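Now for the letters of each chain:
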Amino acid sequence: MLIKIKPSWELPERIVTPEHLVMNRRGVLKTAGMLAAAGALAGCDQSKVAETPPAAPGAASDADPTASLYPVKRNEAYQAGREIAPEEIVSRYNNYYEFGVDKGDPALNAHRLPIRPWEISFEGLVEKPFKTDFDTLVKAMPLEERVYRHRCVETWAFAAPWSGFPMKALVDYAKPQSGAKYVVMKSWMNTDVSPAQTQVWVPWPYTEGLTIEEATNELAFMVTGAYGKPLPKQNGAPLRLHTPWKYGFKSAKGIQRIIFTDQRPQTYWMALGPTEYGFWANVNPQVPHPRWSQASEEVLGTGQRVPTQLYNGYGEQVASLYANLASERLFM
Ligand code: MTE
């Protein structure tokens, strides 16, 4: 009798994104040649993937000088209203297209990204452009833990305890000029680590942006840890964004450049699929994605589908940001 032993990192069937949704998003990726890029990743890296054990949940860097900072105190003001998802789901079911297009790829491949030293530059409309080492930055910031809901545009969702600091503290640290209207975040570029990034027609590096009002809203959170430990690389170590009222693609991972500007930026997904993804990306059950409904969401690990909430349930904190923007398509 042939017995198939599942590798420990293989995802249970119940948390796998429904096939039709994966295929839908793949449509955009295919148009952009990203599936070929993923093939390149698998092709040149197949042996490594097979030989290299997946990163353990919670594993970040081998020598992480910030490890002793965790766990940090939970801020009980932020309640997710649903069970915290198991750590092995949040650290093994990921979107991080630098490492491949399948949900298990980031946990297998992200260990190859060197994250020490990690320099972060502050550029554009700031009093004086400067660079800071991540370890210096994180020690200067007011760390806390928040349990936030996460909602991907592909309709999967979960709640997780993230450690980090309010983005407002980062904006204050950067000292923007009064004319700055937007904060742009750019992720790393490293074609040695990411064969996908050799696809020159894909708009690397991953880029996202917020208005200054959004970035300084109390909910906008810079994430440096998860589940009481430094952030795993597949979740965006050492530094990622979390904007829980927006679709997950706004939450850029592996941030290296922070640029203040007076121009609304073109983001990664806006460039890849301009008719499907836009700047605001606010969770809205009444506005379908052009190719699928956003009315409900699947809570990973539970097998349950529940109604989507406007602003992912965070309207009290953020609805006022959009009061004068009724003419804009706020979901995109
Ligand atoms: N950041 C980078 N640099 N590259 C990416 O591909 N994917 C985004 C976002 N941040 C992405 C990224 C998308 S589509 C989602 S849903 C979230 O990361 C997923 O975060 P998670 O894997 O930690 O759940």
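Calculation rules
Residues numbered from 1 in each chain as written. Predicted model: local features only at pLDDT ≥ 70, side-chain atom pairs only at ≥ 80, totals over all residues. Heavy atoms only, no water. Helix = DSSP H or I, 4+ residues; strand = E, 2+ residues; numbered from the N terminus. Contact = heavy atoms within 4.5 Å. Areas by Shrake-Rupley, 256 points an atom, 1.4 Å probe, with all protein chains shown as cover. Pairing = 2+ DSSP bridges. Axes fitted to C-alpha atoms, helices over the stretch in contact; angles between N-to-C directions. pLDDT = per-residue confidence, 0-100. Buried < 20%, exposed > 50% of the residue type's maximum accessible area, 1.4 Å probe, protein only. Polar contact = N/O pair within 3.5 Å; in protein donor to acceptor, adjacent residues only side chain to side chain. Salt bridge = Lys/Arg side-chain N within 4 Å of Asp/Glu carboxyl O. Phe/Tyr/Trp six-rings, centres within 6.5 Å; stacked < 30°, edge-to-face > 60°. Lys NZ or Arg CZ within 6 Å of the ring centre and 35° of its normal. Near = heavy atom within 4 Å. Nonpolar A, V, L, I, M, F, W, Y, C, P; charged D, E, K, R; others polar.

1. Details of the overall build of the protein
Tallying secondary structure elements over the protein gives nine helices and 12 strands in all. Considering only contacts within the protein whose residues lie at least 6 apart along the sequence, 75% involve residues at least 24 apart. Element-wise, carbon and sulfur atoms account for 54% of the exposed surface of the protein, whose accessible area totals about 14,100 Å².

2. Some thoughts on the environment of Lys 128
Relative to the elements of secondary structure, Lys 128 occurs in the loop between strand S1 (119–124) and strand S2 (130–133). Lys 128 sits 48 residues away from Pro 176 along the chain, and the two C-alpha atoms are 8.6 Å apart.

3. Brief notes about the sheet that holds S1
One open sheet holds the five strands; their spatial order is S2-S1-S10-S5-S6, and the pairing between them is mixed. In this open sheet, the two strands that pair with only one neighbour each are S2 and strand S6 (207–211). For this sheet, the mean angle separating the axes of adjacent strands, direction not counted, is 20 degrees.

4. As for the pairing of S2
Note that S1 and S2 share four bridges and pair antiparallel. If you follow Ile 120 over to S2, its bridge partner there is Thr 132.

5. Let's talk about the confidence of the model for the protein
Taken residue by residue, the protein gives an average pLDDT of 87. The fraction at 70 or more is 81%. Low pLDDT, under 50, characterises residues 1–21; the predicted model gives this stretch 27 contacts beyond four residues in sequence or across chains. Confidence drops under pLDDT 50 across residues 36–61; counting only partners more than four residues distant or on other chains, this segment forms 42 contacts.

6. A short note on the side chain of Thr 66
You can see Thr 66 is positioned in the loop between helix H2 (34–51) and helix H3 (87–90). Thr 66 sits in the buried class, given a relative accessible area of 1%. One polar contact links Thr 66 to Asp 64, side chain to side chain, over a distance of 2.6 Å. With sequence-adjacent residues up to four places away left out, Thr 66 is seen in contact with Arg 116, Phe 134, Asp 135 and Val 138.

7. Observations concerning the pattern of salt bridges
Counted under the stated rule, the structure contains 16 salt bridges. Here Arg 116 ties to Asp 135 by a salt bridge, and the two come within 2.8 Å at their closest N and O atoms. Of this pair, Arg 116 sits in the loop between helix H4 (105–109) and S1 while Asp 135 sits in helix H5 (residues 134–140); the two residues are 19 residues apart in sequence, bridging distant segments of the chain. On the accessibility criterion, Asp 135 (13% relative accessible area) is buried. Taking the shortest distance from any N to any O, the salt bridge between Lys 250 and Glu 208 comes out at 2.6 Å. In this pair, Lys 250 sits in the loop between strand S9 (240–242) and strand S10 (255–261) while Glu 208 sits in strand S6, placing the two residues 42 residues apart along the sequence.

8. Brief notes about the packing of aromatic side chains
Within the structure shown, the criterion is met by 21 aromatic pairs. On the numbers, 5.9 Å between centres and 90 degrees between planes, the contact of Tyr 78 with Tyr 148 is edge-to-face. In this pair, Tyr 78 is assigned in the loop between H2 and H3 and Tyr 148 in strand S3 (residues 144–151), connecting sequence segments 70 residues apart. Taking the relative accessible area as the measure of exposure, Tyr 148 reaches 0% and is therefore buried. Their ring planes at 85 degrees and their centres at 5.7 Å tell us that Tyr 182 and Phe 279 sit as a pair that is edge-to-face. In this pair, Tyr 182 is assigned in strand S5 (residues 182–187) and Phe 279 in the loop between helix H8 (268–272) and strand S11 (296–299), connecting sequence segments 97 residues apart. A residue is classified by how much of its surface remains accessible, and Tyr 182, at 12% relative accessible area, is buried. Grouping aromatic residues by their ring pairs yields a cluster made of Tyr 97, Trp 204, Tyr 206, Phe 249, Tyr 268, Trp 269 and Tyr 277. Taking the ring centre of Tyr 314 as reference, the NZ or CZ of Arg 149 above it sits at 4.6 Å.

9. Considerations on the site of the ligand
The local shell around the ligand holds 19 residues, among which Tyr 97, Glu 98, Arg 240, Ser 251 and Lys 253 are the closest. Asn 94 places a polar side-chain atom, nitrogen or oxygen, 2.9 Å from an oxygen atom of the ligand. Here Lys 253 contributes a side-chain N or O atom positioned 2.7 Å from an oxygen atom of the ligand. Alone, the ligand offers 530 Å² of accessible surface; in the complex the protein occludes 100% of this. The class makeup of the residues in the shell around the ligand is eight nonpolar, seven polar and four charged.

10. Quick look at helix H6 (residues 167–174)
The α-helix winds at 3.6 residues per turn, so residues separated by three or four positions along the chain end up facing the same way. Turning to H6, its buried residues number three or more, namely Met 167, Ala 169, Leu 170, Val 171 and Ala 174. Phi turns positive one or two residues past the end of H6, at Lys 175, with a value near 55 degrees.

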